[in-house]
Amino acid sequence: MFRAENIIRKKRDRAPLNEAEIRAFVEGIRDGSVTDPQIAAFTMATWFTGMTVLEQSLLTRAMRDSGRVLSWSGLNGPVLDKHSTGGVGDLVSLVLGPIIAASGGYVPMISGRGLGHTGGTLDKLESIPGFTTALEIERFTRLVRENGLAIVGQTDELAPADRRIYAVRDITATVDSPPLMISSILSKKLAEGLDGLVLDIKFGGGAFTPTIGAARTLAGEMTRVAAESGVRCSALLTDMNAPLAPVAGNALEIGEAIRILQGDSTDGRLYDVITALSGELLHMGALAETPQAGRDRARRSLASGAAAAAFARTVAAQGGPADLLERPGHYLPRAAVVRPVDASSSGYLAAIDARAIGWTVVGLGGGRQRSEDRIDPAVGLSGLPEPGAAIEAGSRLAVVHAANEEDWQRAAAEVQAAVTLAEEAPERIEAVRERIREDADEC
């Protein structure tokens, strides 16, 4: 007979759980027979004792199977997606999805909202007038089949056990447990019915994973769990010691994504990360012979306008304006106070505190400090310099987009405090640092 306390005790005592035990516990979470205090005890025991890779794989699959798993029979291309562990100015999904769709892939992207100092894809998209991220499963899958791409939030039908577990983790200081984090992320992604998944594992001051070593360990475990669950998976370790884009803020990041899609920005750290992740996916989906060939194909889809057209179709299909790309300034909201912050001294940008920049955006109203907070889509920062940029005293350091003068003053001071200048230019640090891969057919 299944008893939740026996499984909790076993985990507390560092004994590995078997498939039957894990599935019974997850089923109890799904049907309500396992209580929130029991979930809390289980998550805390896991935080202290950890899980083997096999346990993580079993938990991931059980959570995936607690709800509906999408099926994509009849498609003439691979089903692909990506996941980022979160960063500042990280608008990669907004461009990567259209690149894959324009290249013959299908992307059923289930995304999230901002967490802490990091932004969320759903919040960014909802700055587009009329755009809805809440779609019924049938409409979601139909749009993916028709357009190659749809971007939505998690529904009650996909991995419902994860929703209960996450709610408990959020109030029991167990969000950062690697086994629970891995199973939460991958259960939702595997419920999409993917052929391939690429992970953007960020490290550094603006990431939840501070060091490249910790990111490497996380990437290794995540790719292996995904592979053991039958999905080809690759991970790139990317540097988040500075904001990824020159902008941070919801509508501002939509505007920057449009610039890239229209070919107005073809260099920099953001462009490198977008094309590298896209190249990995195109290679995994057999749409390119190598990751480098995939990068080249991604660049071509941007240069030709094919990715821009895919983005425009997705926006229109999900309720947004059909001419957004032609008239972004007409549709995207604009803050009441938009004014530059001037540099107080000269030098080369040696460092810019990405975490501080992220919290500045949150303080302006561009993120949530409490779950019930409303987001102001218009606020944020633009014109952020990349490390190594030459800056003259009195020249523009960044532009603050604020709702009022008081917010502008506070944000301007925070931007200046987040910047470190040096007499000599620092060495350029590549945004994409390592590649880790575990193929499902190798397990």
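Look up: the structure comes first, before these words.
Residues numbered from 1 in each chain as written. Predicted model: local features only at pLDDT ≥ 70, side-chain atom pairs only at ≥ 80, totals over all residues. Heavy atoms only, no water.

A. Highlighting the overall build of the protein. On a plain count of helices and strands, the protein comes out with 17 helices and twelve strands. The C-alpha radius of gyration computed for the protein amounts to 22 Å, which stays within 12% of the reference 22 Å derived for 443 residues, consistent with globular compactness. Once the C-alpha set of the protein is aligned to its principal axes, its extents read approximately 70 × 45 × 40 Å. Residue burial in the protein is summarised as follows: out of 443 residues, 54% are buried. (Helix = DSSP H or I, 4+ residues; strand = E, 2+ residues; numbered from the N terminus. Rg over C-alpha atoms; globule rule 2.2 N^0.38 Å. Buried < 20%, exposed > 50% of the residue type's maximum accessible area, 1.4 Å probe, protein only.)

B. Structural view of the sheet that holds strand β6 (residues 337-342). Spatial ordering of the open sheet is given by β6-β10-β8, a layout of three strands whose pairing is antiparallel. In this open sheet, the two strands that pair with only one neighbour each are β6 and β8 (380-382). Across the sheet, the mean angle separating the axes of adjacent strands is 25° when strand polarity is ignored. When β8 meets strand β10 (residues 396-402), the two strands line up antiparallel, connected through three bridges. Each bridged residue has a counterpart across the sheet, and for Gly 380 the counterpart in β10 is His 401. Packing against the sheet, helix α16 (residues 354-366) makes contact with β8 and β10, and its axis sits at approximately 130° to β8. (Pairing = 2+ DSSP bridges. Axes fitted to C-alpha atoms, helices over the stretch in contact; angles between N-to-C directions. Contact = heavy atoms within 4.5 Å.)

C. Structural detail: α16. Between its first and last C-alpha atoms α16 spans 15 Å; for 13 residues at 1.5 Å apiece the expected length is 18 Å, and the helix comes up short by more than 12%. Burial in α16 covers these residues: Ala 354, Ile 357, Gly 358, Thr 360, Val 361, Val 362, Leu 364, Gly 365 and Gly 366. Where α16 is buried, its residues touch α11 (250-261), β7 (347-352), β8, β10 and α17 (405-418). Sitting at the head of α16, Asp 353 places a side-chain oxygen 3.2 Å from the backbone nitrogen of Arg 355. (Expected span 1.5 Å × (residues − 1). Polar contact = N/O pair within 3.5 Å; in protein donor to acceptor, adjacent residues only side chain to side chain.)

D. Main features of empty space enclosed by the protein. By the definition in use, this model includes one cavity of 30 Å³ or more. Estimated volume of the largest cavity: approximately 170 Å³. Around the largest cavity sit 23 residues that line it, and His 117, Thr 118, Gly 119, Val 361 and Gly 366 are the ones nearest its centre. Secondary-structure elements contributing two or more residues to the lining of the largest cavity are α6 (121-125), α11 and α16. With four residues, α16 is the single largest residue contributor to the lining of the largest cavity. (1 Å grid on protein atoms, 1.4 Å probe; cavity = no way out; pocket = protein on both sides within 12 Å on 5 of 7 lines; lining within 4 Å. Points joined across faces, edges and corners; volume = space filled by probe spheres on them.)

E. Seen up close, the pattern of salt bridges. In total, this model carries 31 salt bridges according to the counting rule given. The shortest N-O distance in the salt bridge between Lys 189 and Asp 81 comes to 2.8 Å. Remark: Asp 81 occurs in strand β1 (residues 80-84) and Lys 189 occurs in helix α9 (residues 178-190); sequence separation between them is 108 residues. Take Lys 189 and Asp 81: they sit in the same class, and that class is buried. The shortest N-O distance in the salt bridge between Lys 202 and Asp 200 comes to 2.8 Å. You'll find Lys 202 and Asp 200 in the same group, each marked buried. Through salt bridges with shared partners, one network takes in Glu 19, Arg 23, Arg 64 and Asp 65. (Salt bridge = Lys/Arg side-chain N within 4 Å of Asp/Glu carboxyl O.)

F. The arrangement of the pairing of strand β5 (residues 232-239) in detail. When you tally the buried positions in β5, you get seven out of eight residues, the bulk of the element. The parallel pair strand β4 (residues 196-203) and β5 is bridged by helix α10 (residues 212-228), and the resulting crossover is right-handed. (Right-handed = clockwise from strand over helix to strand, strands pointing away.)

G. Expanded view of the nonpolar core. Counting residues in each nonpolar core, the largest one holds 78 residues, and the members touching the most others are Leu 91, Val 95 and Ile 357. At nine residues, the largest contribution of residues to this core is made by helix α12 (residues 269-284). Membership of the second largest hydrophobic core comes to 36 residues, among which are Leu 143, Ala 191, Cys 233 and Leu 237. (Core = buried A, V, L, I, M, F, W, Y, C linked by side-chain atoms within 4.5 Å.)

Don't take any of this as a statement about function, it's just geometry.
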